[in-house]
Amino acid sequence: MTESHAEAITFPFGRPDPFTPPERLAALREERPVTRMTYPDGRVGWLATSYPAVRAILADPRFSSRRELLNVPVPFPLMQEMRRPADPGMFIRMDPPDHTRYRRLLTAQFTVRRMKQLEPRIHEIAEERLDAMEKAGPVQDLVREFALPIPSLVICELLGVPYSDRAEFQQATAVLLNLESTVEDIRAAFARVAAFFARLIELKRAEPADDLLSGLITGGELTDEELGNIGFLLLAAGHETTANMLGLGTFALLQHPDQLAALRADPSLIDNAVEELLRYLSIIHIGPIRAALEDVEVDGELIRAGEVVTLSVQAANRDPARFTDPDRLDITNPASGHLTFGHGLHQCLGQQLARVEMRTAFPMLFDRFPDLRLAIPAQEVRMRDTMSIYGVRELPVRW
Amino acid sequence: MVENALKVTTDTARCIGAGMCVLTAPKVFDQSEDDGTVVLLDESPPPESHADVRRAERLCPSGAISVREDPGTA
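Residues numbered from 1 in each chain as written. Chains lettered and ligands numbered in written order. Predicted model: local features only at pLDDT ≥ 70, side-chain atom pairs only at ≥ 80, totals over all residues. Heavy atoms only, no water.

*Asks:* Just to check I follow, could you spell out the overall build of chain A for this structure?
*Replies:* In terms of helices and strands, chain A carries 16 helices and ten strands. Considering only C-alpha atoms, chain A reaches an extent of 60 × 50 × 40 Å along its principal axes. Contacts spanning at least 24 positions in sequence make up 70% of the contacts within chain A whose residues lie at least 6 apart. A total accessible area of about 17000 Å² is found for chain A, and carbon and sulfur atoms account for 53% of it. (Helix = DSSP H or I, 4+ residues; strand = E, 2+ residues; numbered from the N terminus. Contact = heavy atoms within 4.5 Å. Areas by Shrake-Rupley, 256 points an atom, 1.4 Å probe, with all protein chains shown as cover.)

In structure tokens:
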């Protein structure tokens, strides 16, 4: 039976277990992969759940990423700020040609080659974190000790943050990412990070080095405001995402001991294991979000100009029409083509860095602690169900 | 049966520098040092690269790679 358009759904929430998406998503993908959805502000837009629909919309320039055109499918305290154009430099919420200009400048800094060059440093950073964990004792929160600091220190490396300033940078950014932080704490930390970037930009102008920020500055095309915003963007995009992949990925492997054993038996599986974890875990579990610039028909539904569509990458990555046995974690299953990094013009700029970080950090963790296991019952691990990036809040482990 | 030769073309104006092609078919694609966009190393790749080149075409997020069969040179 086809439901009438008047019966718009609301965004599906509530997982039956930490690794299974809300069940409603699978039903929608089957019955009506592009469906009407009511947003919290009462406006009616769309939700897309199938792999072909999500991928097609991400690739279609008739769908915009401009911040002022978007809507958010879940209650969102900063909604009012969303309704104006993105600040200078915040190119993920822009369309061409504004997006193109920034993206080009950054793409030059994010080549596969440059990311591979960072590999030895990532190795050293992970080694230091593992040493600290081992020294500190037999039960530790993997999120605080491993998953969060590694990407943070890698961003420091990439941006060229001096060693003497890294503790301060990590402290301030940890407040931004701590779910228990108060609004006042977060405001203060924002101001600290902004001041930090301003000082760093000044330093790099005076003494350019071989790092991303210096590269952008010597290009001479960007204002200090743009550079500061880009710094924030890289921090937001590169820290919480990889951190949650490391935390949730470890949880997933510990809960799927056959997969962990397979990886240990054949370390060459790591590249595909990372892709499969990206697909299976789909930590971007709410969006991305786009707005139609003109009337567009997708999968037999007419999305009108101005209407907002939420693209459920998490549902698309479990589409049985695209992936074999998609609800099973199988690190030998070819997972390339997943949409976790998006698709189209906005596909993740830092994806190769994220891959290098995960390919380095997971094997090192499991090598160092052959007997790594949860320190609390699995059902007591608190999940980030309502956060824009899914993951574990903390992951107490022992070895 | 001899497989037809492939003719690869790239469009640097569309390229967003995601780097998927370099990872998938490193003998055929590279990234420019200047702006990170695609550099085509081999527009007529050998048969052993064909599967990778076709995969790179499918994975390219911006549709900057086209692969077509070149029957004339089979």
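*Asks:* What exactly am I supposed to notice about the interface of chain B and chain A here?
*Replies:* Facing 23 residues of chain B, the contacting portion of chain A comprises 18 residues. Buried area between chain B and chain A, summed over both chains or domains, comes out near 1600 Å², and the portion from carbon and sulfur atoms is 48%. When the buried area of chain B at its contact with chain A is split by residue, Ile16, Leu23 and Pro61 of chain B rank highest and sum to 33% of it. Inspection of the region where chain B meets chain A yields one salt bridge. Between aspartate 30 of chain B and arginine 113 of chain A there is a salt bridge, with the nearest N and O atoms lying 2.7 Å from each other. (Buried area = accessible area lost by both parts, 1.4 Å probe. Salt bridge = Lys/Arg side-chain N within 4 Å of Asp/Glu carboxyl O.)

*Asks:* For this particular structure, what's the right way to read helix α16 (residues 351-368) of chain A?
*Replies:* Because each turn of an α-helix spans 3.6 residues, side chains separated by three or four positions end up pointing in the same direction. The terminal C-alpha atoms of α16 of chain A, which comprises 18 residues, lie 26 Å apart, in line with the 26 Å expected from a rise of 1.5 Å per residue. Among the 18 residues in α16 of chain A, 15 count as buried, and that is most of the element. (Expected span 1.5 Å × (residues − 1). Buried < 20%, exposed > 50% of the residue type's maximum accessible area, 1.4 Å probe, protein only.)

*Asks:* Is there a simple way to think about the pairing of strand β1 (residues 34-38) of chain A in this case?
*Replies:* Side-chain direction in a regular strand flips from residue to residue, so the side chains alternate between the two faces of the sheet. Residues and elements named next belong to chain A. Burial of β1 is extensive: four of the five residues sit out of reach of the surface. As paired elements, β1 and strand β2 (residues 44-48) share five bridges and run antiparallel to each other. Looking at β2, one finds that valine 34 is bridged to alanine 48. Linking two consecutive strands that pair antiparallel, namely β1 and β2, is a turn of five residues; a positive phi of about 95 degrees is found at glycine 42 within it. (Pairing = 2+ DSSP bridges.)

*Asks:* Teacher, can you tell me more about the pattern of salt bridges here?
*Replies:* Here the idea is simple: oppositely charged side chains can pair when their charged atoms come close. Residues and elements named next belong to chain A. Evaluation of the coordinates by the stated rule reveals 35 salt bridges over all chains. Where glutamate 134 meets arginine 368, a salt bridge forms, and the shortest distance between an N and an O atom there is 2.8 Å. Note that glutamate 134 is positioned in helix α6 (residues 119-136) and arginine 368 in helix α16, a separation of 234 residues in sequence. For glutamate 134, a relative accessible area of 42% puts it in the partly exposed group. Salt bridges linked by common partners bring Arg121, Glu124, Glu157 and Arg166 together as one network.

*Asks:* Just checking my understanding: could you explain the sheet that holds strand β10 (residues 396-398) of chain A for this structure?
*Replies:* Strand-to-strand pairing in sheets goes through backbone hydrogen bonds, with the strands running parallel or antiparallel. All names here are of chain A. The strand order β4-β10-β9 describes an open sheet built from three strands, whose pairing is antiparallel. Strands with a single pairing partner mark the edges of an open sheet, and in this sheet they are β4 (139-141) and β9 (373-374). Relative to β10, β4 runs antiparallel, the two being bridged by three bridges. Paired with aspartate 141 across the two strands is proline 396, which belongs to β10.

*Asks:* I would appreciate a short explanation of the confidence of the model for chain B in the present structure.
*Replies:* Detail in the predicted coordinates should be disregarded across regions flagged by low pLDDT. Looking at chain B as a whole, the pLDDT averages 87, with 92% of positions reaching at least 70. The complex prediction reports pTM at 0.91, with the ipTM value standing at 0.72. (pLDDT = per-residue confidence, 0-100.)

*Asks:* Explain the environment of arginine 54 of chain B to me, please; I cannot follow it from the model alone.
*Replies:* Among the structural elements, arginine 54 of chain B can be located in helix α2 (residues 50-59). A C-alpha to C-alpha distance of 9.8 Å links arginine 54 of chain B and cysteine 21 of chain B, two positions 33 residues apart in sequence.

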